Amino acid sequence: DRFVTASGGSEALRKHTSLRLSGSYGVPGAHGFTNRVEVFTAPPNRFVFTLPTPKGLYREGCDGEHCWRIEGKEINVAAGNDLAQKLAERQFLAALHAPESFRSMDTLGTITLDGHECYELLLVRQSGEVIEEFYDGQTGLLRARHTTDERTGGSLRLLATFDDYRRFGDWMLAARQSYKLTGGPQVLTITNAQWDIKPDAVFDMPAEVKSRLALHQ
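Note that the structure is a prediction, hence the values are computed from the model and not measured.

A word on the overall build of the protein. Secondary structure summary: the protein contains four helices and 13 strands in total. Relative to the 2.2 N^0.38 estimate, which gives 17 Å for 217 residues, the radius of gyration of the protein is 17 Å and therefore close to what a compact globule would have. Projected onto its principal axes, the C-alpha positions of the protein cover 50 × 40 × 35 Å. Here the protein holds 217 residues, and 41% of them are scored as buried.

What follows covers the pairing of strand S13 (residues 186-195). As judged from the eight bridges shared by strand S1 (residues 19-27) and S13, these two strands associate in the antiparallel manner. Paired with Ser22 across the bridge in S13 is Asn192. Relative to S13, strand S12 (residues 171-180) is paired through four bridges, and the arrangement is antiparallel. Bridge pairing in S13 places Arg176 opposite Thr189.

For the coordinates displayed, the defined rule picks out 13 salt bridges. With its nearest N and O atoms 2.5 Å apart, the salt bridge here joins Lys15 to Asp170. Of this pair, Lys15 sits in the loop between helix H2 (10-14) and S1 while Asp170 is found in the loop between strand S11 (156-168) and S12, placing the two residues 155 residues apart along the sequence. The class of Lys15 is exposed, set by a relative accessible area of 53%. By relative accessible area, which is 23% here, Asp170 ends up partly exposed. Through salt bridges with shared partners, a single ionic network connects Arg69, Asp82 and Lys86.

With that out of the way, let us pick up the side chain of Arg125. You can see Arg125 is positioned in strand S8 (residues 116-125). Among residues more than four places away in sequence, those in contact with Arg125 are Ala88, Glu89, Ser101, Phe102, Arg103 and Ile131.

What follows concerns the side chain of His16. Of note, His16 is situated in the loop between H2 and S1. On the accessibility criterion, His16 (8% relative accessible area) is buried. Among the polar contacts listed, one links the side chain of His16 to the side chain of Asp170, at a separation of 3.0 Å. If we skip the residues at most four places from it in the chain, His16 touches Pro43, Phe92, Asp170, Trp195 and Asp196.

Attention now moves to the layout of surface pockets. Of the voids in this model, the second largest pocket is the one considered here, and its volume is about 380 Å³. In terms of lining, the second largest pocket is formed by 16 residues, of which the most central are Asp1, Arg2, Phe3, Leu121 and Tyr135. Counting residues per element, the ones that place at least two in the lining of the second largest pocket are helix H1 (2-7), strand S7 (102-113), S8 and strand S9 (130-136). When grouped by side-chain class, the residues that make up the lining of the second largest pocket number nine nonpolar, three polar and four charged.

All right, on to helix H3 (residues 80-89) then. Along H3, the residues that are buried comprise Asp82, Leu83, Gln85, Lys86, Leu87 and Ala88. Contacts from the buried residues of H3 go to strand S4 (56-63), strand S5 (67-71), S8 and strand S10 (142-149).

Criteria and cut-off values
- Residues numbered from 1 in each chain as written.
- Predicted model: local features only at pLDDT ≥ 70, side-chain atom pairs only at ≥ 80, totals over all residues.
- Heavy atoms only, no water.
- Helix = DSSP H or I, 4+ residues; strand = E, 2+ residues; numbered from the N terminus.
- Rg over C-alpha atoms; globule rule 2.2 N^0.38 Å.
- Buried < 20%, exposed > 50% of the residue type's maximum accessible area, 1.4 Å probe, protein only.
- Pairing = 2+ DSSP bridges.
- Salt bridge = Lys/Arg side-chain N within 4 Å of Asp/Glu carboxyl O.
- Contact = heavy atoms within 4.5 Å.
- Polar contact = N/O pair within 3.5 Å; in protein donor to acceptor, adjacent residues only side chain to side chain.
- 1 Å grid on protein atoms, 1.4 Å probe; cavity = no way out; pocket = protein on both sides within 12 Å on 5 of 7 lines; lining within 4 Å.
- Points joined across faces, edges and corners; volume = space filled by probe spheres on them.
- Nonpolar A, V, L, I, M, F, W, Y, C, P; charged D, E, K, R; others polar.

In short, geometric facts, not functional conclusions.
Written out as structure tokens, the structure is:
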């Protein structure tokens, strides 16, 4: 509740019909790169992420029923636990932590994280997925999240951190977000956010994904 209040209040998010984010995305390493990124989200859990990479255009999407990843000619369609996780993560109102989405939500105490005293929250989704979140004791804003990445069959932990909060319209967003599975963290930097631009067509499933799904029906 404190995080939602600090971010702008639940109604500030509920009233919106879509969000377009743009900025840069950096991948570290000898073959790393930084390119412009674009993200669209809309209720209930529609999502599109596009990023040029050395292998070709990387696209990740969710139309509310199916979730997919495309990089160059490689196509992956989520299934099982991976799909369940993606559908939950892509909820437009996920930040509000609707009680009916979780079996339990427990505060475990405080921990020092990067010099900040944070409250640790342990969440268990209805699916059984366990999530650890860490909220700044002073600001109430989310600083980190630990999850198990189901793309890897649950073998790797995804460590996400959130910094440089800025107000975009009437809602606070972390302008710097880092995600670490293996190696160095990949960093998303948000420079612009637009609400309610109604980009319905952008969520349409790509033709190559439709073809892949048709092969398995």
